[in-house]
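Topology and contacts: notes
Residue strings, one per chain:
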Amino acid sequence: MLTTRPRGTSDIIPGQVEKWQYLEHVFRRLCREYDYAEIRLPIFEHTELFQRGVGETTDIVEKEMYTFLDRGKRSITLRPEGTAPAVRAYLENRLYAGPQPVKLYYTGPMFRYDRPQAGRYRQFHQFGVEVFGAHDPAVDAEVIAMAMDFYSRLGLQGLELHLNSVGCPGCRAVLRKKLQEFFRPHLDGMCADCRGRFERNPLRILDCKVERCREVSTGAPTTVDCLCPDCAAHFQAVQDYLAVLAIPYVVDPRLVRGLDYYTHTAFEIMAADIGAQSSIGGGGRYDGLIEACGGPPTPGIGYALGLERILLTMERQGCAFPPPEGPDVFLAVAGEPASLEAVRLLQQLRRAGLAAARDYLGRSLKAQMKYAGKLNARYVVILGGDELARRVVTLKDMAAGTQEEIPADRLVDGLCRRCRES
RNA sequence: GUGGAUGUAGCUCAGUUGGUUAGAGCACCAGAUUGUGGCUCUGGGGGUCGUGGGUUCGAGUCCCAUCUUCCACCCCA
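Residues numbered from 1 in each chain as written. Chains lettered and ligands numbered in written order. Predicted model: local features only at pLDDT ≥ 70, side-chain atom pairs only at ≥ 80, totals over all residues. Heavy atoms only, no water.

As annotated in an unreviewed UniProt entry, chain A carries the name Histidine--tRNA ligase and is attributed to Desulfotomaculum copahuensis. Listed under Subunit (unreviewed entry) in UniProt, the entry text for chain A is "Homodimer." Note on chain A: under the UniProt heading Sequence similarities (unreviewed entry), the record states "Belongs to the class-II aminoacyl-tRNA synthetase family." (UniProt positions renumbered as here; feature names shortened; annotations may be inferred.)

Have a look at this one:
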């Protein structure tokens, strides 16, 4: 073999791809019911979109982006997430001039230069939604409910919804000051990362995984302690809506999302038993982002769901997928004259809307039957010299094992009727 | 980016202290049944032992490098 697929990418082959199609089908149906419109965005963007939109100090921008110069010497980046491109498209296409809010969904691959492991790949796939132009906490609750609805339609169980509010910039400033006061006396005992975070972004100390830092930070002031009255009211309202929807959650003051532009609501959905990469989706509000990207002050909120991790969880939990579909009918052909007739019949069957296949390898009838069985064909039409001469075909029901002879010119109608009936 | 494992047929794996022509099950193809799938039996095709170096009379086996995948960290979906 000349070469293999690049590290951290995967081929989704027949047998697997049906599962992806199923998830897409369920998600599109969900978006229709929640009234979100699809937007299709480029897979690469100008690098500065992510530098500004995601944040210079985030891990994504600092070390995970696929960035290259194109032939016109422009710096291009394979999109590592969907929110910044959606914001860009909202502004560039002046969607703010239409009815608000604008509710969008997207699907597709994202790229991050990470070291692969179970549930983490360099090209991975997300379903996401974004709502622009509404600050109402009912929208926060709607997008959370929508994400949870998606999981539940797939049959996933035992998921944990983590919820937090990181407040507005005013709350963040208060918290920052309080955190620095709290951690200053303990700095010597903390990890190097956290000593760096102390100046740059003390919020991030709260989700440090180092044991010593966790001990130190128990009792530290949290986001929730520092919310201003408006932010506290917003957070409470989100929780009230979730209560009405009977969606269980845990308030997790340590949930501090990695992207700089998040304000207010932050949430993440965790699945047990798929390893360390247990987050199967997450999102939050970003009321400052659109303005930061050069647009009018506009609130926004969204989430993204990780398809590879969802599939992994579904497989671990034994969730059901639609059964594999074979052709409605397989034409078994004996002899060359029959082959000519088979081509004509195939065309008629397909034009009638049936999924129809035949043999192309000159196999024996027995081998063709075996092949049809493997394809999971519902019916087999046997067409040989004998049938041809008498203008009939033999129609076999593969599941029942029964067969009958019918006039050739009644085959298409007869098959259509049978396939519709069951 | 850091640390630790892994790699033999399409898949799951065996392969002795380094020793002749690398095996099994499943899958695939064919025959038993010259026109009938699933069960059974028989036979067949398929491997540069991840890749590249090295040690040795001799390497699937030992050493080095590299790639992949997996596990953990960082971070996230």
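Still to come is the rest of the account.
**Some details on the sheet that holds strand 8 (residues 250-251)**
Strand order in this open sheet of eight strands is 1-5-6-11-10-9-7-8, and the pairing throughout is mixed. The open sheet has two edge strands with one neighbour each: strand 1 (37-38) and strand 8. In this fold helix 1 (residues 17-34) packs onto strand 1, strand 5 (102-111), strand 6 (123-132) and strand 11 (300-306), with an angle of close to 160° to the strand it touches most, strand 5. Relative to strand 6, helix 4 (residues 83-92) is tilted by about 45°, and along the sheet it contacts strand 5 and strand 6. (Pairing = 2+ DSSP bridges. Helix = DSSP H or I, 4+ residues; strand = E, 2+ residues; numbered from the N terminus. Contact = heavy atoms within 4.5 Å. Axes fitted to C-alpha atoms, helices over the stretch in contact; angles between N-to-C directions.)

**With respect to the UniProt feature "binding site: L-histidine" (unreviewed entry) in chain A**
The UniProt record marks E81, G82, T83, R112, Q126, E130, R257, Y261 and Y262 with the feature "binding site: L-histidine" (unreviewed entry), using the residue numbering of this structure. Note that G82 resides in the loop between strand 4 (75-78) and helix 4. Accessibility expressed as a relative area gives 3% for G82, which makes it buried. Among all residues touching G82, those that are not within four sequence positions of it are L41, Y106, M110, Q126 and E130. Turning to its location among the elements, Y262 is positioned in the loop between strand 8 and strand 9 (263-270). Residue classification places Y262 among the buried residues on the basis of a relative accessible area of 7%. What Y262 contacts, discounting residues up to four positions off in sequence, is V166, R172, R257, G283, G284, R285 and Y286. (Buried < 20%, exposed > 50% of the residue type's maximum accessible area, 1.4 Å probe, protein only.)

**Quick look at the side chain of T313**
Following the sequence through the fold, T313 ends up in helix 11 (residues 307-317). From its side chain, T313 meets the backbone oxygen of R309 in a polar contact 2.7 Å long. (Polar contact = N/O pair within 3.5 Å; in protein donor to acceptor, adjacent residues only side chain to side chain.)

**Details of the packing of aromatic side chains**
In the structure shown here, the tally under the stated rule is 12 aromatic pairs. Geometrically, the ring pair formed by Y90 and Y96 is edge-to-face, given 6.0 Å between the ring centres and 70° between the ring planes. Since its relative accessible area comes to 1%, Y90 is described here as buried. Given a relative accessible area of 32%, Y96 falls into the partly exposed group. Look at Y90 and F132: their rings are 4.6 Å apart centre to centre, the planes differ by 40°, and that puts the pair in the tilted class. With Y90 in helix 4 and F132 in strand 6, this pair connects stretches of sequence that are 42 residues apart. Residue classification places F132 among the buried positions, given a relative accessible area of 0%. Here a set of aromatic residues connected by ring pairs shows up, and it is made of F27, Y105, F127, F150 and Y151. When the ring centre of F321 is taken as reference, the NZ or CZ atom of K19 above it lies at 4.9 Å. Its guanidinium or amino end placed over the ring of Y113, R122 lies 3.9 Å from that ring's centre, counting from NZ or CZ. (Phe/Tyr/Trp six-rings, centres within 6.5 Å; stacked < 30°, edge-to-face > 60°. Lys NZ or Arg CZ within 6 Å of the ring centre and 35° of its normal.)

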